[in-house]
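Letter by letter, the chains look like this.
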Amino acid sequence: MSALSLFYAGISYAGAVVFFGGLAYKLIGYALTPSPLKIPLTPQPASAAGVAWKAVGSILSFRALWNGDRWTWVGGYGLHLVLVFVFIRHLRLFLSPVPWPLADVQPFALLIGALLPLPLVYLMARRAAVDRYRQISSGADYFALALLLLIGLSGLSLKFLFHADVVGIKEFLLGLMLLSPVEVPEHPAFLVHFSLVLVLGFYFPFSKLIHAGGVLLSPTTMQADDAPDVRHVNPWGGQ
Amino acid sequence: MAKEKFEIPSLEDALDTPPVRKGASGHLKIHPAPPQMMEKLGFPPALVEGWQKKAVDKLGELKEKYKSLKMFMEVCVKCGSCADKCHYFLGTGDPNNMPVGRQELMRKVYRKNFTAGGALFGGFARAGDMDEAALKDWTTYFYQCSQCRRCSVFCPFGIDTAEITMAAREIMDSVGAGHKYSLEVIAKVHDVGNNLGIPKPALSSTLEFLEEDVKEATGADVKFPVDAEGAEVLMITPSADFFSSPHVDSLVGYAKVFHAAGISWTFSSYASEFANFGMFIGNYAQMKKIAERIATVARDLGVKRIIVGECGHAWRVAYGFWDTLVGPFDTLEVKRPVHVCEFTNDLIKRGALKFDKTANDGFTVTYHDSCNVARASRMGESPEGQFDIPREVLKAACNKYVEMPDSVNREKTFCCGGGGGLLTDELMELRVKGAAPKTAALKRMMDEKGVNMMAMICAICKAQFTKVLPYYDIPMEVVGGVHQLVSNAIILGDK
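Residues numbered from 1 in each chain as written. Chains lettered and ligands numbered in written order. Predicted model: local features only at pLDDT ≥ 70, side-chain atom pairs only at ≥ 80, totals over all residues. Heavy atoms only, no water.

Participant: Is there a simple way to think about the overall build of chain B in this case?
Facilitator: Scanning chain B from terminus to terminus reveals 23 helices and seven strands. In terms of overall size, chain B behaves like a compact globule, its C-alpha atoms giving a radius of gyration of 23 Å where 495 residues would be expected to give roughly 23 Å. Residues classed as buried in chain B amount to 67% of the 495 residues present. Across chain B, the fraction of contacts at a sequence separation of at least 24, relative to all contacts at a separation of at least 6, is 81%. When the accessible area of chain B is evaluated, it comes to approximately 16700 Å², of which 51% is carbon and sulfur surface. Counting 60 positive and 62 negative side-chain charges, chain B places the averaged centre of each group 4 Å from the other. (Helix = DSSP H or I, 4+ residues; strand = E, 2+ residues; numbered from the N terminus. Rg over C-alpha atoms; globule rule 2.2 N^0.38 Å. Buried < 20%, exposed > 50% of the residue type's maximum accessible area, 1.4 Å probe, protein only. Contact = heavy atoms within 4.5 Å. Areas by Shrake-Rupley, 256 points an atom, 1.4 Å probe, with all protein chains shown as cover. Lys, Arg positive; Asp, Glu negative; His and termini not counted. Charge placed at Lys NZ, Arg CZ, Asp CG, Glu CD.)

And the structure:
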């Protein structure tokens with residue numbers, strides 16, 4: 001196996017460990033940190049099922065952002081929607097054989113996924129253009145958008161500019177997944193794309209991108225408004 | 001009113017997003033708590049040696065004790081949805097009064113000390129040390145947040161700036177930098193039993209005076225009992241209700257409701273305060289200690305239930321926190337506190353109260369949702385009871401009732417500008433500016449709908465609005481309590 005392949009195999013496994021391990025570490029850490037008092041943001045359902053149902057609606061619609069800033073909602077919702085299709089588009093590289101519904105939606109997923117640069121550029125411009133957002137934006141905020149943009153552009157170049165050997169890429173990825181690595185395709189654009197994804201994997205759990213998991217554990221939105229009926233004990237409150 | 005040296009915001013555009021004006025409210029400072037007061041509450045008398053590190057250590061301790069704090073430090077994506085939702089930002093334009101801007105004052109320190117990115121790439125990630133400049137920002141802008149939770153309504157992750165402000169104040173207190181106003185109030189509760197420092201003789205004579213007053217006005221023997229053993233109900237109300245105007249008119253209303261319903265009740269001189277400023281300073285032990293007076297009295301007097309008066313943050317503490325802090329209330333028949341609006345509304349629904357609504361015909365009434373009632377509690381069984389029940393009471397007592405626009409109503413209500421421990425004279429400029437959004441909505445209601453009464457159920461809102469509305473040439477008489485209007489219209493029997 002070439003030195004390059006060894007390097008990529010090693011760094012891919014490291015990336016996977018950091019990404020999944022980091023996610024688990026952060027989310028379990030959140031879940032285990034106590035909530036001394038009940039602090040649901042009201043009005044809020046009194047039952048766990050009611051809260052779950054409301055949360056599904058909030059997450060699928062980005063309701064709070066919709067109510068807070070429509071123009072940012074357009075960019076933020078657009079970005080996440082496109083990312084779903086990018087994910088669908090990439091699943092075929094990790095599944096063998098590709099199940100039929102997934103195979104059928106590929107052209108559509110490509111069509112939507114190819115729009116990825118649009119919301120990213122829009123959100124970056126919005127940060128720079130509106131005085132409030134310029135004020136709050138740090139290098140790290142632009143970095144997250146820029147990283148995704150570079151990943152998107154390099155990925156699109158594989159499809160439209162420097163045609164990559166999809167079969168070879170799939171063999172490489174499946175090899176990694178099945179713990180029997182094969183040679184990495186020595187296609188420069190692919191190596192750029194894949195390297196950037198690894199950077200994202202390392203960065204994700206320890207940056208604001210953790211919001212993806214954090215949204216499921218936020219005490220204000222996920223606690224039920226059940227104070228009158230359910231006794232809540234503060235684990236460090238003493239009695 | 002041109003006696004102040006600051007510009008009064010125009011109500012024309014007070015609800016619009018202002019341009020960012022850096023440092024616009026940086027000059028507004030709190031009065032620091034004097035050393036003996038700090039010590040009395042168990043805090044260091046003055047800024048301690050090595051406070052920089054101790055503050056960071058305290059932040060590290062709190063993030064492991066509060067899931068809210070840890071998550072809210074880490075999951076913000078800075079989308080900006082909250083940026084123009086704070087009344088203090090709308091009133092001042094200061095970017096540190098954007099909720100995210102305020103949160104960032106703590107996140108800077110958090111990133112530097114508790115994240116790899118912040119430690120490695122300080123400037124890029126906007127990480128910074130806990131230093132003189134940071135402390136100056138903290139002592140300024142964490143006392144320009146009224147903990148109203150309006151920002152979190154618009155946050156995709158429900159990030160609640162109130163939690164961050166509370167933690168910041170707890171950290172500052174712990175290294176010896178406290179705010180005089182809140183600590184003074186808390187000290188009075190411990191010494192005398194209430195925020196105003198009213199001793200029992202003064203309380204009793206006030207209540208006797210009220211009895212005579214009501215007797216004269218109505219001919220009915222409405223009682224205002226104190227420390228009456230064997231009473232069915234313990235009434236806990238903010239101490240402002242005993243002495244301030246218009247608060248006292250609602251207190252008379254409570255007494256009339258009890259009288260008309262024929263239910264025995266009592267105030268307590270030991271627990272003569274509903275407010276709990278322990279929440280404002282984010283100090284769990286103080287919050288618990290203040291609540292303990294009430295739990296103790298409830299057990300000692302052997303009452304069957306606790307009914308609480310018109311106070312916003314205290315209702316949050318009672319509804320959401322009492323049971324955790326000092327419960328369970330096993331000696332009571334009704335184990336959770338009942339809001340006086342729930343109580344009155346139940347009586348109305350049962351037909352136990354009668355009203356002469358024409359007594360309020362001089363008023364066109366609207367209702368101001370107070371933050372902590374709206375966004376941090378509930379009344380009754382329905383998830384929106386905290387909005388509907390006070391309105392039902394008002395409609396039962398008044399013929400002319402109109403609603404505020406949706407954008408400033410119910411969970412989207414604006415703070416009065418004086419909540420969260422900011423109801424103090426040195427912050428008058430902030431209070432006037434922070435009141436601008438809700439005042440603008442009120443002014444529109446006055447001009448378009450002829451509103452001349454804004455009813456509310458919060459002692460701080462009442463005190464704040466009566467003080468700041470005159471700056472906008474609105475008479476303080478438009479401020480009233482829900483039970484003030486009940487008091488006007490209720491028909492008293494001969495009980």
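Participant: What should I look at first to understand the side chain of N360(B) in this one?
Facilitator: All names here are of chain B. For N360, the position within the fold is in the loop between α17 (340-349) and β5 (365-367). From its side chain, N360 meets the backbone oxygen of A397 in a polar contact 2.9 Å long. When sequence neighbours within four positions are dropped, the list of residues in contact with N360 reads A397, C398, L485, N488 and A489. (Polar contact = N/O pair within 3.5 Å; in protein donor to acceptor, adjacent residues only side chain to side chain.)

Participant: Help me understand the pairing of strand β3 (residues 305-308) of chain B, please; the structure alone is not making it clear to me.
Facilitator: Regular strands place their side chains on alternate faces of the sheet. All names here are of chain B. Both faces of β3 are covered, namely the face carrying R305 and I307 and the face carrying I306 and V308. Across four bridges, the pairing between strand β1 (residues 233-236) and β3 is parallel. Bridging from a neighbouring strand, M235 pairs with I307 of β3. Judged from the two bridges that link them, β3 and strand β4 (residues 338-339) form a sheet pairing that is parallel. Considered in β4, the bridge of V308 is made with H339. Following the backbone out of β3, through helix α16 (residues 312-326) and into the adjacent parallel β4, one traces a crossover that is right-handed. (Pairing = 2+ DSSP bridges. Right-handed = clockwise from strand over helix to strand, strands pointing away.)

Participant: Got a minute to help me understand the sheet that holds strand β7 (residues 479-481) of chain B in this structure?
Facilitator: Within a sheet, adjacent strands bond to each other through the backbone by hydrogen bonds, running parallel or antiparallel. Residues and elements named next belong to chain B. Taken in spatial order, the three strands line up as β5-β6-β7 in an open sheet, and their pairing is parallel. At either margin of the open sheet sits one strand with a lone partner, and together these are β5 and β7. Each adjacent strand pair in this sheet contributes to an overall mean axis angle of 40°, direction not counted. In this sheet, β7 lies alongside strand β6 (residues 453-456) in parallel orientation, the contact comprising three bridges. (Axes fitted to C-alpha atoms, helices over the stretch in contact; angles between N-to-C directions.)

Participant: Hey, could you run me through unusual backbone geometry in this one?
Facilitator: Residues and elements named next belong to chain B. With an omega of 10°, the peptide bond running from S245 to P246 counts as cis. Each neighbour pair has its own omega, and for G327 with P328 the value is -5°, a cis peptide bond. Tracing the backbone through its elements, the reader meets P328 in the loop between α16 and β4. With a phi angle near 70°, R149 is a residue other than glycine that sits in the positive phi range. Its place among the elements puts R149 in the loop between α8 (132-141) and α9 (150-153). Its identity as a non-glycine residue notwithstanding, D473 has a phi of 60°, on the positive side. Residue D473 is classed as exposed on the basis of its relative accessible area of 63%.

Participant: How should the pattern of salt bridges be read in this particular structure?
Facilitator: A side chain with one charge may pair with a side chain of the opposite charge, provided their charged atoms come close. Here the structure, examined in full by the defined rule, presents 31 salt bridges over all chains. Of the charged contacts in the structure, one is a salt bridge between D323(B) and R231(A), with a shortest N-O distance of 2.7 Å. Linking D323(B) in helix α16 with R231(A) in the segment after α13 (219-222), this pair reaches from one chain into another. By relative accessible area, which is 23% here, D323(B) ends up partly exposed. For R231(A), a relative accessible area of 36% gives the class partly exposed. Between K40(B) and D191(B) there is a salt bridge whose closest N-O contact spans 2.9 Å. (Salt bridge = Lys/Arg side-chain N within 4 Å of Asp/Glu carboxyl O.)

Participant: For this particular structure, what's the right way to read the domain arrangement of chain B?
Facilitator: The accessible area lost on association of the parts is a frequent measure of interface size. Residue and element names in this part refer to chain B. Domain parsing of chain B yields domain 1 (35-178) and domain 2 (185-402 + 451-489). Look at where the C-alpha atoms of domain 1 and domain 2 centre, and you get two points 32 Å apart. Taken residue by residue, the interface counts 14 residues in domain 1 and 16 residues in domain 2. Counting each side, the surface lost to burial between domain 1 and domain 2 is near 1300 Å², with a carbon and sulfur contribution of 50%. Counting the surface domain 1 buries against domain 2, the share from its top three residues, L41, R149 and M166, is 36%. Connecting domain 1 to domain 2 are one salt bridge. Residue assignment for the side of domain 1 that touches domain 2 shows that the elements contributing at least two residues are α9 and α10 (161-174). (Domains from an automatic or database assignment. Buried area = accessible area lost by both parts, 1.4 Å probe.)

Participant: How should I be thinking about the nonpolar core in this particular structure?
Facilitator: Within soluble globular proteins, side chains that are nonpolar tend to cluster in buried spots. Judged by nonpolar contacts, the single largest core of 214 residues is most densely connected at M106(B), W138(B), I306(B) and W322(B). Residues within four places of W138(B) in sequence aside, it is in contact with L105(B), M106(B), V109(B), M130(B), Y143(B), A168(B), I171(B) and M172(B). Formed by 15 residues, the second largest nonpolar core is a distinct cluster that contains A9(A), L93(A), L158(A) and L173(A). (Core = buried A, V, L, I, M, F, W, Y, C linked by side-chain atoms within 4.5 Å.)

Participant: Before we go on, may I ask you to explain the layout of surface pockets in this structure?
Facilitator: Over the atoms rolls a probe the size of a water molecule, and in doing so it shows where empty space is left. Volume-wise, the second largest pocket comes out at about 800 Å³. Around the second largest pocket, the lining is made up of 34 residues, and of these F206(A), S207(A), K208(A), T115(B) and G117(B) lie nearest the centre. When residues of the lining of the second largest pocket are assigned to their parent elements, the largest contribution, five residues, is made by helix α5 (residues 99-114) of chain B. (1 Å grid on protein atoms, 1.4 Å probe; cavity = no way out; pocket = protein on both sides within 12 Å on 5 of 7 lines; lining within 4 Å. Points joined across faces, edges and corners; volume = space filled by probe spheres on them.)

Participant: What exactly am I supposed to notice about the sheet that holds β3(B) here?
Facilitator: One open sheet accounts for four strands, arranged β2-β1-β3-β4 (chain B); its pairing is parallel. Each of the sheet's edge strands pairs with one partner strand only, and the pair in question is β2 (265-266) and β4 of chain B.

Participant: Sorry, what's going on with empty space enclosed by the protein here?
Facilitator: Applying the stated criterion across every chain yields a total of six cavities of 30 Å³ or more. Approximately 250 Å³ is the volume attributed to the largest cavity. What lines the largest cavity is a set of 21 residues, and nearest its centre among them are P36(A), L37(A), Y66(B), E163(B) and M166(B). Of all the elements in the fold, those that place two or more residues in the lining of the largest cavity are α3 (67-74), α10, α15 (284-301) and α16 of chain B. When residues of the lining of the largest cavity are assigned to their parent elements, the largest contribution, four residues, is made by α10(B). Its residues assigned to classes, the lining of the largest cavity shows 13 nonpolar, four polar and four charged. Counting residues domain by domain, the lining of the largest cavity receives three or more from each of domain 1 (35-178) and domain 2 (185-402 + 451-489) of chain B. (Nonpolar A, V, L, I, M, F, W, Y, C, P; charged D, E, K, R; others polar.)

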